[in-house]
Amino acid sequence: MRVAVITNFCPFYRVKLFRILARELHATFFFFSDASEKNWEQMNPTGADELPAVHLRRGGAGTLRMLSRLIHALRRKRYDVFIQGISGRFVVPVTFLLARWQRTPYIVWTGFWHHPQTLFHRLTFPLVRHIYRRADALIAYGTHVRAYLISLGVDPQRIFIAWNTADNERYNQPVSQNEIHALRAHLGVADERIVLFVGRLSEEKGVEVLINALALLRDDPALPRVRAVICGRGPLAAALRAQCSRLQLTNVTFLDYVANDILYQYYALADVLVVPSITTRSFKEPWGLIVNEAMNQGCVVIASDAVGAARGGLLEHERNGLVVPERDPAALAGALRRVLSSAALRAQLGHAARATIAHWTYERMAQGFIDAVAFSRRHHETR
C-alpha cells in the first residue's frame, strides 16, 4: 500500500507524526507551500529533510507549475489513498477531482470547526461542504471538529479523530530551580507570579483581551505581585505596547521571540498560560498546541472557548485547566484571580494537566490516520 499525504509544509511539531505515517502507511508527502504563510512564525524550524517527500514549490514554482507537478506525481505512481490537508485554495479541489477521476480513496484531514466569513470563503463554502460530504473518510483534530462536520451533514461513521499532539519529549524536560532563578534574572523579575502568553501578536490571538484583564487586576489587594510575559511577534506589537502604556500597565514584558527549544523553561517558570484567542471573520483557533506544550510542565492553562484545545477534548474546565468566554476581560480576570491567589488550585490543575497530556502521544494521533485509511479503502470498494 502507498499513501499520498498532500499538505502545505512540515512544521517542526509534525515531524514525528509524519515519521510514523511514513513507516506505518508507506506515506509520501507532497508539500505545496514554501512555509511563507502569514500565520507561521518564520523563525520557527521546519522539518521534512528525512521524510519521503516531494517539494512542489522547489525552484520557485508558481501555482500553475506547482499544480502540474502535483497532478503528474499523483498520476505517475497511482497511490492507493490520498490524504488531503484542508488548506490550499486550488490544491484541495484539484486533488479531490483527481481522486474521483482515478477512483482513488480520498481522505480530508481538517482542524476547521468554523467556516471563515470572508467573501471568498462564503462563495466556496458549497464546494467545501460537498468535498466533506463526498470524502471517503475524514480525520479531525478533536471532538469539536467532529461535531462541526456532523452539523454539515457528514456521516459520523466516516469521521476519525487524530488527537492533535505536540512533542511531549521536547516540552516535559525537567527544569531545575537554578534554571528558573536564572530565567527570572534574565527577565528581570523577582518574586512575581508569572502570567505567560506565547503566540503571534495578531487580532485573532486576543492579546488585547488579556491586557484589559490585567488592567482589571492591577489594584486588587488580595493578589500577589503579577508580571505578564508576552512572547511573540506580529502586526499588533506596537498597538499592544501602546495599549499597555495607555492603561498605565508597568508589569507587562514583551519578548520578541523565544526559540521552541527553550520554551519549556518558560512554561516551567509560569504560574499560568493564557490562550485568549477570539473568533474573527477569517479565523477560529483550530487547536492551540501551546496548550499541549504548557501542560507538559504542569503549567495551569486558561483558554477562551474559541480555542480548539478547550473544545476538542484536551483542556477541561475545572479538571485540568480553566475555560472562559471569548472577548470577556472580566471573566478572564476572574479566572486569573482564582489561579494566582491559590497555590492549592494551581497544584491541583497542574497535576491533572500533566496526567492528561501524558496520553496525548504521536502514536495515538497516528492511529486516527491508520484507522481512516483502513476504513476509506473498505468504504471505497463498496461505492
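Check the entry above for the structure.
Parameters at a glance
- Residues numbered from 1 in each chain as written.
- Predicted model: local features only at pLDDT ≥ 70, side-chain atom pairs only at ≥ 80, totals over all residues.
- Heavy atoms only, no water.
- Core = buried A, V, L, I, M, F, W, Y, C linked by side-chain atoms within 4.5 Å.
- Buried < 20%, exposed > 50% of the residue type's maximum accessible area, 1.4 Å probe, protein only.
- Contact = heavy atoms within 4.5 Å.
- Helix = DSSP H or I, 4+ residues; strand = E, 2+ residues; numbered from the N terminus.
- Expected span 1.5 Å × (residues − 1).
- Phe/Tyr/Trp six-rings, centres within 6.5 Å; stacked < 30°, edge-to-face > 60°.
- Salt bridge = Lys/Arg side-chain N within 4 Å of Asp/Glu carboxyl O.
- Right-handed = clockwise from strand over helix to strand, strands pointing away.
- Pairing = 2+ DSSP bridges.
- Arc of directions from axis to C-beta.
- Axes fitted to C-alpha atoms, helices over the stretch in contact; angles between N-to-C directions.
- Parallel < 35°, antiparallel > 145°, perpendicular 65-115°, else oblique.
- Left-handed = near helix turned anticlockwise from the far one by under 90°.
- Nonpolar A, V, L, I, M, F, W, Y, C, P; charged D, E, K, R; others polar.
- Polar contact = N/O pair within 3.5 Å; in protein donor to acceptor, adjacent residues only side chain to side chain.

Caption draft 1: Structural detail: the nonpolar core. Core analysis: the largest hydrophobic core is formed by 111 residues, its most contacted members being Ile83, Tyr132 and Leu273. Look past the residues within four positions of leucine 273 in its chain and what remains in contact with it is Leu196, Phe197, Val198, Tyr267, Ile290, Val291, Ala294, Cys299, Val300, Val301 and Ile302. With 35 residues, the next largest nonpolar core counts Leu210, Phe254, Val272 and Leu322 among its residues.

Caption draft 2: Structural context of helix H3 (residues 91-102). The first and last C-alpha atoms of H3 sit 16 Å apart over 12 residues, in line with the 16 Å expected at 1.5 Å per residue. Turning to H3, its buried residues are Val91, Val92, Pro93, Thr95, Phe96, Leu98, Ala99 and Gln102. Elements in contact with the buried residues of H3: strand S1 (3-7), helix H2 (63-77), strand S4 (81-85), strand S5 (106-110) and helix H4 (119-134). A positive phi of about 60° marks arginine 103, the residue just after H3.

Caption draft 3: Region of the structure containing the packing of aromatic side chains. Applying the stated rule across the entire model yields 15 aromatic pairs. Judged by centre distance (5.0 Å) and plane angle (75°), the ring pair of tryptophan 109 and phenylalanine 369 falls under edge-to-face. Highlighted residues: tryptophan 109 in strand S5 and phenylalanine 369 in helix H15 (residues 362-381), separated in sequence by 260 residues. Here tryptophan 109 matches phenylalanine 369 in class, with each residue buried. Arranged with centres 5.8 Å apart and planes meeting at 40°, the rings of tryptophan 287 and tryptophan 360 form a pair that is tilted. Placement of the pair is tryptophan 287 in the loop between strand S11 (272-275) and helix H11 (290-295) and tryptophan 360 in the loop between helix H14 (343-357) and H15, with a sequence separation of 73 residues. Residue classification places tryptophan 287 among the buried positions, given a relative accessible area of 1%.

Caption draft 4: Main features of the pattern of salt bridges. Overall, the coordinates contain 17 salt bridges when judged by the stated rule. Between arginine 233 and glutamate 41 there is a salt bridge; the shortest N-O distance is 2.5 Å. You can see arginine 233 sitting in the loop between strand S9 (226-231) and helix H9 (237-246) and its partner glutamate 41 sitting in the loop between strand S2 (27-31) and strand S3 (53-55), a full 192 residues away along the chain. Overall, the relative accessible area of 29% leaves arginine 233 in the partly exposed class. Given a relative accessible area of 18%, glutamate 41 falls into the buried group. Taking the shortest distance from any N to any O, the salt bridge between arginine 170 and aspartate 261 comes out at 2.6 Å. One end of the pair, arginine 170, is in helix H6 (residues 168-171); the other, aspartate 261, is in the loop between strand S10 (252-255) and helix H10 (263-269), with 91 residues separating them in the sequence. The exposed category is assigned to aspartate 261, whose relative accessible area is 54%. Each of Lys16, Asp167 and Glu169 takes part in a single network of salt bridges with overlapping partners.

Caption draft 5: Examining the pairing of S1 more closely. Most of S1 sits out of view: five of its five residues are buried. Neither face of S1 is open: one carries Val3, Val5 and Thr7, the other Ala4 and Ile6, and all of them are buried. A crossover links S1 with its parallel partner S2, the connecting element being helix H1 (residues 15-25), and its sense is right-handed. Alignment of S1 against S4, held across four bridges, turns out to be parallel. Bridge assignment links valine 3 to a residue of S4, and that residue is valine 81.

Caption draft 6: Representation of helix H13 (residues 329-340). Between its terminal C-alpha atoms H13 stretches 16 Å, which fits the 16 Å expected from 12 residues at 1.5 Å a residue. Residues Leu332, Ala333, Ala335, Leu336, Val339 and Leu340 constitute the buried set of H13. For H13, the angular spread of the buried residues around the axis is 165°, confining them to a single face.

Caption draft 7: View of the pairing of S5. Among the five residues of S5, five are classified as buried, and the element is accordingly described as predominantly covered. Of the two faces of S5, the one holding Tyr106, Val108 and Thr110 and the one holding Ile107 and Trp109 are both buried throughout. Two elements, S4 and S5, share four bridges in a ladder whose sense is parallel. Along S5, the bridge assignment pairs glutamine 84 with valine 108. What joins S4 to S5 is H3, and the crossover it makes is right-handed. The parallel pair S5 and strand S6 (residues 137-140) is bridged by H4, and the resulting crossover is right-handed.

Caption draft 8: Structural detail: the packing of H2 against H3. Viewed as axis vectors pointing N to C, H2 and H3 meet at an angle of 25°, and their least axial separation amounts to 11 Å. For the element pair H2 / H3, the angle class is roughly parallel. In the crossing of H2 with H3, the sense of the turn from one axis to the other is right-handed. Of the residues in H3, those touching H2 at Met66, Leu67, Leu70, Ile71, Leu74 and Arg75 are Val91, Val94, Thr95, Leu98, Trp101 and Gln102. Counted by class, the contact of H2 with H3 contains nine nonpolar, two polar and one charged residues.

Caption draft 9: Summary view of the side chain of asparagine 251. Among the structural elements, asparagine 251 can be located in the loop between H9 and S10. Engagement of the side chain of asparagine 251 in a polar contact is seen with the backbone oxygen of valine 226, the distance being 3.0 Å. When near neighbours in sequence (up to four residues on either side) are disregarded, asparagine 251 contacts Val226, Arg227 and Ala228.

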